[in-house]
Amino acid sequence: MQNVDPAQRPRHAVAWHEDAPNPSSAATPPSEPLPTSVDWIVIGGGFSGLSAARRAAERGARVLLLEKGELRDGASSRNGGMVHVGFGASTSSIIKIFGADGAREWFDLSRAGVRRIQQLAAAGPEGLISSTGIDPSWSETGHLELARSARGAADLQGEAELRASLGLPVRLLNFGCKCNH
Ligand SMILES: Cc1cc2nc3c(=O)[nH]c(=O)nc-3n(C[C@H](O)[C@H](O)[C@H](O)COP(=O)(O)OP(=O)(O)OC[C@H]3O[C@@H](n4cnc5c(N)ncnc54)[C@H](O)[C@@H]3O)c2cc1C
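Just so it is clear, the model here is predicted, and its values are computed rather than measured. (Residues numbered from 1 in each chain as written. Predicted model: local features only at pLDDT ≥ 70, side-chain atom pairs only at ≥ 80, totals over all residues. Heavy atoms only, no water.)

**Considering the packing of helix α3 (residues 91–121) against helix α5 (residues 150–165)**
To keep things clear, this is the line we draw: Geometry is summarised by axes, namely lines fitted to C-alpha atoms with helices restricted to the contacting stretch, and by angles between N-to-C directions that run from 0 to 180 degrees. The way it works is that DSSP assigns letters per residue, a run of H or I at least four long becomes a helix, a run of E at least two long becomes a strand, and they are numbered from the N terminus. Working definition: roughly parallel below 35 degrees, roughly antiparallel above 145 degrees, roughly perpendicular at 65 to 115 degrees, and oblique for all remaining angles. In what follows, residue pairs with any heavy atoms lying within 4.5 Å of each other are defined as contacts.
Where α3 meets α5, the closest approach of the two axes is 11 Å, and the angle between their N-to-C directions is 10°. Accordingly, the angle class assigned to the pair α3 and α5 is roughly parallel. Every residue of α5 that contacts α3 at Thr91, Ser92, Ile95 and Arg104 is listed here: Glu159, Leu162, Arg163 and Ser165.

**Concerning the packing of aromatic side chains**
Where we set the bar: Working definition: a ring pair exists when centres of Phe, Tyr or Trp rings (six-membered ring for Trp) sit within 6.5 Å. Plane angles under 30 degrees give stacked, over 60 give edge-to-face, the rest tilted. When accessible area is computed with a 1.4 Å probe and restricted to protein chains, residues below 20% of their type maximum are described as buried, those above 50% as exposed, and intermediate ones as partly exposed.
Per the counting criterion, the structure on display carries 3 aromatic pairs. Between Phe87 and Trp106, the aromatic rings sit 6.0 Å apart at their centres with planes inclined by 90°, giving edge-to-face as the arrangement. Pair noted here: Phe87 is in the loop between β2 (63–66) and α3 and Trp106 is in helix α3, with a separation of 19 residues, a long-range link. Classification of Phe87 as partly exposed rests on a relative accessible area of 32%. Judged by centre distance (5.3 Å) and plane angle (45°), the ring pair of Phe98 and Trp106 falls under tilted. Judged by relative accessible area, which is 36%, Trp106 ranks as partly exposed.

**Some points on the confidence of the model for the chain**
We apply this condition: Values of pLDDT, which run from 0 to 100, indicate the predictor's confidence residue by residue.
With 82% of its residues at a pLDDT of 70 or more, the chain shows a mean pLDDT of 85. By mean pLDDT, the top-scoring element of the chain is strand β1 (residues 40–43) (98), and the lowest-scoring one is helix α1 (residues 15–19) (64).

**Describing the site of the ligand**
Where we set the bar: Residues are counted as near a molecule or strand when any one of their heavy atoms sits within 4 Å of it. Definition of a polar contact: a pair of N or O atoms within 3.5 Å, with one able to donate and the other able to accept a hydrogen when the atoms are protein atoms, and with sequence-neighbouring residues admitted only if both atoms are side-chain atoms. To be clear on the numbers: accessible area is Shrake-Rupley with a 1.4 Å probe, and residue cover counts the displayed protein chains and nothing else. For this scheme, ten residues count as nonpolar: Ala, Val, Leu, Ile, Met, Phe, Trp, Tyr, Cys and Pro. Four count as charged, namely Asp, Glu, Lys and Arg, and the remainder, Gly too, count as polar.
Taken together, 19 residues form the shell around the ligand, and within it Ser48, Glu67, Ser76, Gly80 and Met82 come nearest. Asn79 has a polar side-chain atom sitting 3.0 Å from an oxygen atom of the ligand. Taking 1,000 Å² as the accessible area of the ligand by itself, protein coverage stands at 58%. Taken together, the residues that form the shell around the ligand break down as 6 nonpolar, 9 polar and 4 charged.

**Thoughts on the side chain of Ser110**
Examined against the element boundaries, Ser110 turns out to sit in helix α3. Residue class for Ser110 comes out buried when judged on its relative accessible area of 12%. Discounting chain neighbours no more than four positions away, the residues touching Ser110 are His84, Val85, Gly86 and Phe87.

**Let's talk about the pairing of β2**
Note the threshold: We treat two strands as partners when DSSP finds at least two bridges between them. By convention a crossover is right-handed if, when the strands point away from the viewer, the path from the first strand over the helix to the second runs clockwise.
Bridging between β1 and β2 involves 4 bridges; their strand directions are parallel. Residue pairing for β2: Trp40 is matched across the bridge by Val63. In the classification by handedness, the crossover that spans β1, the intervening helix α2 (residues 47–58) and the parallel β2 is right-handed.

**Brief notes about the nonpolar core**
What counts, and what does not: Nonpolar core, defined: a set of buried Ala, Val, Leu, Ile, Met, Phe, Trp, Tyr and Cys residues in which side-chain atoms within 4.5 Å join the residues together.
Membership of the largest hydrophobic core is limited to 5 residues, which are Ile94, Ala103, Phe107, Leu166 and Leu168. In this structure Leu166 touches Thr91, Ile95, Ala100, Ala103, Arg104 and Phe107, once residues within four positions along its chain are discounted.

**Examining α5**
As a reminder, the rule being used: To estimate the expected span of a helix, count its residues, drop one, and scale the result by 1.5 Å. Relevant arc is that of directions from the helix axis to the C-beta atoms, nothing else.
The terminal C-alpha atoms of α5, which comprises 16 residues, lie 23 Å apart, in line with the 22 Å expected from a rise of 1.5 Å per residue. Among the residues of α5, Gly152, Glu159, Ala160 and Arg163 are the ones counted as buried. Taken around the axis of α5, the buried residues stretch over an arc of 100°, which confines them to a single face. The secondary structure elements touched by the buried residues of α5 are α3. Gly167 sits one or two residues past α5 and shows a positive phi near 85°.

This is the structure:
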């Protein structure tokens, strides 16, 4: 971004568009004719599509994955690589929509997702290294959420209590807040 003429900058610049290669502008033609008959067609070669396609293929299905550009084009090739149980929504909003039992089920799904990634990251016969040669550099470091204001700290405390009430292993650390808002 620093070398870009400010007048040329898009009004809503996105940092990860600058740091990662631009999405390909044109689709790569398939190197061989597409199969005429498959069990599953998966559209989109990001984590969601690749994971669904891999899972179906592991179970013996004939899968065709269609990607409009290159596999690196979506968010999946640009993310921070962090994996943890939880969602991009507060636990209270999840409970509000699905109830406590529903929220527990969502968190169980999320835990299963993390376990699946752990299993893929392992070097066993089903692991990524043995099946693709890709070393995902898995490292279990735990997951820390920080508040940057007194209000945020209060919200985090409420969030931690709710997660504990759903049986999630959570520990609240209090380092004291030096902020005045
Ligand atoms: C900067 C950034 C950091 C992030 N950090 C994290 C993180 O640390 N941890 C985390 O868990 N999540 C993180 N995320 C979120 C995570 O990356 C996304 O939730 C995830 O990659 C979404 O995967 P996806 O497969 O649904 O979508 P995408 O990865 O976007 O893939 C969608 C694919 O579908 C293709 N496509 C779209 N339309 C069509 C069509 N009509 N036909 C064929 N193909 C099509 C696209 O070209 C693309 O390749 C981050 C996201 C960003 C942007």
